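Summary of structural features
One letter stands for each residue in the lines below.
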Amino acid sequence: MNSLSTLLIVVGLFLLGGIYSFVKQKMPKGLIVLLSIGAGMCLVAGVLRLEVWN
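What you see is a predicted model, and the numbers here were worked out from it, not measured in a lab.

1. Structural notes on the overall build of the protein chain
What the protein chain contains, in helices and strands, is two helices and zero strands. Principal axes of the C-alpha set define a box for the protein chain whose edges measure 40 × 15 × 10 Å. Taking as baseline every contact in the protein chain between residues at least 6 positions apart, the subset at least 24 positions apart corresponds to 67%. Here the protein chain has roughly 4,100 Å² of accessible surface; of this, 76% comes from carbon and sulfur atoms.

So this is what it looks like as structure tokens:
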């Protein structure tokens, strides 16, 4: 596992925590959707960059 894939996964998990927090605070749905898309993209990019697929 290289450092970039680790960083992307950590950022994705951080954004997932932000989604949970925003839902509890009843923030606007558009902001939660935007954050969800960003978290999903970070997690997918981090998993796809793992070196176990070679």
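Let us keep going from here.
2. A short note on the side chain of Ser5
Looking at the secondary structure, you find Ser5 in helix 1 (residues 3-24). In this structure the side chain of Ser5 is engaged in a polar contact, spanning 2.8 Å, whose partner is the side chain of Asn2. Leaving out residues up to four positions away in the same chain, Ser5 has contacts with Gly46, Arg49 and Leu50.

3. Remarks on unusual backbone geometry
The backbone of Lys26 sits at a positive phi, close to 55°, despite the residue not being glycine. As for its position among the elements, Lys26 is in the loop between helix 1 and helix 2 (29-48). Look at Lys26 and you get exposed, because its relative accessible area is 73%.

4. Focus on a nonpolar patch on the surface
The grouping of Leu4, Leu7 and Val11 at the surface amounts to a nonpolar patch, some 230 Å² of accessible area in total. Its place among the elements puts Leu7 in helix 1. Looking at Leu7, the relative accessible area reads 51%, which means it is exposed.

5. Focus: the environment of Leu50
Structurally, the position occupied by Leu50 is in the segment after helix 2. Separated by 46 residues in sequence, Leu50 and Leu4 have C-alpha atoms that sit 9.0 Å apart.

The rules we used
- Residues numbered from 1 in each chain as written.
- Predicted model: local features only at pLDDT ≥ 70, side-chain atom pairs only at ≥ 80, totals over all residues.
- Heavy atoms only, no water.
- Helix = DSSP H or I, 4+ residues; strand = E, 2+ residues; numbered from the N terminus.
- Contact = heavy atoms within 4.5 Å.
- Areas by Shrake-Rupley, 256 points an atom, 1.4 Å probe, with all protein chains shown as cover.
- Polar contact = N/O pair within 3.5 Å; in protein donor to acceptor, adjacent residues only side chain to side chain.
- Buried < 20%, exposed > 50% of the residue type's maximum accessible area, 1.4 Å probe, protein only.
- Patch = residues over 30% accessible without salt bridge, like charges linked within 9 Å, V, L, I, M, F, W, Y side chains within 5 Å.
- Salt bridge = Lys/Arg side-chain N within 4 Å of Asp/Glu carboxyl O.

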